[in-house]
Amino acid sequence: QVQLVESGGGLVQAGGSLRLSCAASGGTISTSPMGWFRQAPGLEREFVAGIRSGGLPYFADSVRGRFTIFRDIAKNTMYLQMKSLKPEDTAVYYCAAGYNSGSRRTYDYDYWGQGTQVTVSS
């Protein structure tokens, strides 16, 4: 059973940066498709960024050029580096692991963390 634990959320001003971490246990991230999603109040959970099983990243249009996704295999941890944050980035951010490499759909991910709150003030 894979367990994922996010950390690194917080309150930041617009234009600032944050780095989220997703520590995995019970499985390896080295070959697992993984992703970051976010959910704002009243909205559906949406895809943010992902890493394919081969390691190639891909992004939602809304964050491309501002967010970076990478993993440290030795630490079994995935990261989301967020820069130039905007108020509309405010949401609970979740990391997830699945089996369908390259997916942007929540139902392709079987394991989820508990989420970490990111709040961007204007």
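Residues numbered from 1 in each chain as written. Predicted model: local features only at pLDDT ≥ 70, side-chain atom pairs only at ≥ 80, totals over all residues. Heavy atoms only, no water.

(A) Up close: unusual backbone geometry. Of note in this structure, Asn 76 is not a glycine but carries a positive phi near 55°. Tracing the backbone shows Asn 76 in the loop between strand 7 (67-72) and strand 8 (77-82). A relative accessible area of 15% means that Asn 76 is categorised as buried. Even without being glycine, Ser 84 reaches a positive phi, approximately 50°. Structurally, Ser 84 can be placed in the loop between strand 8 and strand 9 (91-98). On the basis of relative accessibility, which here comes to 41%, the residue Ser 84 falls in the partly exposed class. (Helix = DSSP H or I, 4+ residues; strand = E, 2+ residues; numbered from the N terminus. Buried < 20%, exposed > 50% of the residue type's maximum accessible area, 1.4 Å probe, protein only.)

(B) Structural view of the sheet that holds strand 7. Taking strand neighbours across the sheet as the criterion, the 4 strands line up as 1-3-8-7 in an open arrangement whose pairing is antiparallel. Each having just a single partner strand, strand 1 (3-7) and strand 7 make up the two edges of the open sheet. Within this sheet the neighbouring strands show an average axis-to-axis angle of 15°, counted without direction. (Pairing = 2+ DSSP bridges. Axes fitted to C-alpha atoms, helices over the stretch in contact; angles between N-to-C directions.)

(C) Looking closely at the packing of aromatic side chains. What the rule picks out here adds up to 7 aromatic pairs. Between Phe 37 and Phe 47 the ring centres are 5.7 Å apart and the planes differ by 75°, which places this aromatic pair in the edge-to-face class. Here Phe 37 is found in strand 4 (residues 34-39), whereas its partner Phe 47 is found in strand 5 (residues 46-51), with 10 residues between them in sequence. Taken individually, Phe 37 and Phe 47 each receive the classification buried, so the pair is uniform in this respect. Through successive ring pairs, a cluster of aromatic residues spans Phe 37, Phe 47, Tyr 58, Tyr 94, Tyr 109 and Trp 112. Lying across the ring of Tyr 79, Arg 19 places its NZ or CZ 5.8 Å from the centre. The ring of Trp 112 carries Arg 45 above its face, with NZ or CZ at 4.9 Å from the centroid. (Phe/Tyr/Trp six-rings, centres within 6.5 Å; stacked < 30°, edge-to-face > 60°. Lys NZ or Arg CZ within 6 Å of the ring centre and 35° of its normal.)

(D) Seen up close, the side chain of Arg 71. The residue Arg 71 is located in strand 7 in this model. No salt bridge is formed by the buried Arg 71; the nearest opposite charge belongs to Asp 72, separated by 9.3 Å. In this structure the side chain of Arg 71 is engaged in a polar contact, spanning 3.0 Å, whose partner is the backbone oxygen of Ile 29. Within the local environment of Arg 71, its side chain forms a polar contact with the backbone oxygen of Ser 30, the two atoms lying 3.3 Å apart. The contact partners of Arg 71, leaving out residues within four places of it in the chain, are Ile 29, Ser 30, Ser 32, Ile 51, Arg 52, Ser 53, Gly 54, Gly 55, Thr 77 and Met 78. (Lys, Arg positive; Asp, Glu negative; His and termini not counted. Salt bridge = Lys/Arg side-chain N within 4 Å of Asp/Glu carboxyl O. Polar contact = N/O pair within 3.5 Å; in protein donor to acceptor, adjacent residues only side chain to side chain. Contact = heavy atoms within 4.5 Å.)

(E) Spotlight on the nonpolar core. Formed by 34 residues in total, the largest nonpolar core has its most connected members in Trp 36, Leu 80, Met 82 and Tyr 93. In terms of residue count, the dominant contributor to this core is strand 9 (5 residues). Excluding anything up to four places from it in sequence, Tyr 93 contacts Glu 6, Leu 20, Trp 36, Phe 37, Arg 38, Val 48, Phe 67, Leu 80, Met 82, Gly 115, Thr 116 and Val 118. (Core = buried A, V, L, I, M, F, W, Y, C linked by side-chain atoms within 4.5 Å.)

(F) Structural detail: the pattern of salt bridges. Following the criterion strictly, the structure yields 5 salt bridges and no others. Between Arg 38 and Asp 89 there is a salt bridge, with the nearest N and O atoms lying 2.9 Å from each other. With Arg 38 in strand 4 and Asp 89 in the loop between strand 8 and strand 9, this residue pair connects regions lying 51 residues apart in the sequence. Where Arg 64 meets Asp 61, a salt bridge forms, and the shortest distance between an N and an O atom there is 2.5 Å. Taking relative accessible area as the criterion, Asp 61 reaches 66% and is therefore assigned exposed. Three or more residues are tied together by salt bridges with common partners; here these are Arg 38, Glu 46, Arg 66 and Asp 89.

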